[in-house]
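What the coordinates show
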Amino acid sequence: MKYENNEYILIVDDDMDIRNLLGIYLENEGYKYIKCDSAQRALEVLEEYRIALILLDIMMPGMDGIQACLKIRQSAKMPIIFMSAKAEDIDIVQGLTAGGDDYIVKPFQPIQLLSRVKAQLRRYRQYNDNNDFGKNLHYRELSMDTQSRQVWVNGREIRLTMKEYEILQLLLLNKGMVLSIPQIYERIWREEFLHSENTVMMHIANLRNKIKEATEGEEYVQTVWGRGYKL
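Residues numbered from 1 in each chain as written. Predicted model: local features only at pLDDT ≥ 70, side-chain atom pairs only at ≥ 80, totals over all residues. Heavy atoms only, no water.

1. Some points on the overall build of the protein
Secondary structure summary: the protein contains 8 helices and 11 strands in total. For 231 residues, the compact-globule estimate of 2.2 N^0.38 gives 17 Å, and the protein sits close to it at 18 Å. Projected onto the principal axes, the alpha-carbon positions of the protein cover approximately 50 × 35 × 30 Å. Expressed as a percentage of its 231 residues, the buried residues of the protein come to 50%. Summarising the internal contacts of the protein: among those between residues at least 6 apart in sequence, 59% fall at separations of at least 24. By element, 46% of the accessible surface of the protein is carried by carbon and sulfur atoms, the whole surface being about 11500 Å². Treating the 30 positive side-chain charges of the protein as one cloud and the 34 negative ones as another, the clouds have centres 5 Å apart. (Helix = DSSP H or I, 4+ residues; strand = E, 2+ residues; numbered from the N terminus. Rg over C-alpha atoms; globule rule 2.2 N^0.38 Å. Buried < 20%, exposed > 50% of the residue type's maximum accessible area, 1.4 Å probe, protein only. Contact = heavy atoms within 4.5 Å. Areas by Shrake-Rupley, 256 points an atom, 1.4 Å probe, with all protein chains shown as cover. Lys, Arg positive; Asp, Glu negative; His and termini not counted. Charge placed at Lys NZ, Arg CZ, Asp CG, Glu CD.)

Have a look at this one:
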């Protein structure tokens with residue numbers, strides 16, 4: 001099933017033509033959607049409706065997509081796919097750092113975006129409905145509840161994006177083992193690794209910083225130079 005009956009995909013873009021085109025393609029694939037022309041309105045919609053995934057433009061008047069994503073990530077974990085004409089590596093890194101799960105450069109083929117939407121929703125469903133592990137995972141002072149998808153360090157909850165959570169869960173399930181960047185990418189993104197080092201490294205850096213902040217600088221995610229990462 002693609003979505004629950006009361007769930008929507010949220011399209012946030014100040015370009016009406018893009019909103020309408022994406023709406024047509026989503027509807028043809030059987031998805032329900034809501035369109036917003038501003039980030040501020042999108043935040044209001046999130047309070048009113050159950051949103052399964054967000055397609056978020058970056059360059060919008062007023063609050064931009066990066067600012068909106070940071071606000072959304074304070075309380076929500078649904079997949080966020082950035083849409084932007086900004087194609088430099090630094091722009092993509094900024095989007096992922098803010099909490100985005102994917103980034104697609106305009107102009108794009110709608111079928112390409114739809115494939116990413118399907119992939120993100122599939123992964124999100126798999127982890128939300130996840131009963132594969134059905135238990136708490138622990139490492140030192142860190143604890144993960146795989147049912148509620150909550151993580152605590154020293155009794156303090158840390159808020160993670162979906163990708164950060166998935167990476168941490170993978171490391172917890174393989175404690176003491178070194179996982180290479182290609183291994184992490186292919187396990188989490190479920191696609192072939194093709195020079196995606198920066199994507200993995202940025203999510204690892206964000207995860208590491210959040211844990212360090214909660215532990216006053218303790219190193220949990222270790223870098224094994226030339227090999228990868230481990231707990």
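2. Examining the state of the cysteines
One pass over the structure, following the stated rule, counts 0 disulfides. No disulfide involves Cys69; its sulfur sits 15 Å from that of Cys36, the nearest cysteine. (Disulfide = S-S within 2.5 Å.)

3. Some points on the sheet that holds strand S1 (residues 7-12)
If you trace the 5 strands from one edge of the open sheet to the other, you get S2-S1-S3-S4-S5, paired in parallel fashion. A strand with exactly one partner marks an edge of an open sheet, and here the two such strands are strand S2 (33-36) and strand S5 (102-105). Strand-to-strand twist in this sheet, taken as the mean axis angle between neighbours without regard to direction, amounts to 20 degrees. Strand direction decides the pairing type here: strand S3 (residues 50-57) and strand S4 (residues 80-84), joined by 4 bridges, are parallel. Its bridge partner lying in S4, Asp57 is registered against Met83. Packed on one face of the sheet, helix H2 (residues 39-48) meets S1, S2 and S3 and runs near 170 degrees to S1. (Pairing = 2+ DSSP bridges. Axes fitted to C-alpha atoms, helices over the stretch in contact; angles between N-to-C directions.)

4. Details of the packing of aromatic side chains
Following the criterion strictly, the structure yields 4 aromatic pairs and no others. Between the aromatic rings of Tyr8 and Tyr49, the centroid separation amounts to 5.5 Å while the plane-to-plane angle is 80 degrees, which identifies the pairing as edge-to-face. Taken together, the residues Tyr8 in strand S1 and Tyr49 in the loop between H2 and S3 connect sequence positions 41 residues apart. Residues Phe82 and Tyr103 carry aromatic rings whose centres are separated by 6.3 Å and whose planes lie at 50 degrees to one another, so their mutual orientation is tilted. Of this pair, Phe82 sits in strand S4 while Tyr103 sits in strand S5; the two residues are 21 residues apart in sequence, bridging distant segments of the chain. The exposure class of Phe82 is buried, given its relative accessible area of 0%. A cation over an aromatic ring shows up here: Arg149 above the ring of Tyr165, its NZ or CZ 4.2 Å from the ring centre. (Phe/Tyr/Trp six-rings, centres within 6.5 Å; stacked < 30°, edge-to-face > 60°. Lys NZ or Arg CZ within 6 Å of the ring centre and 35° of its normal.)

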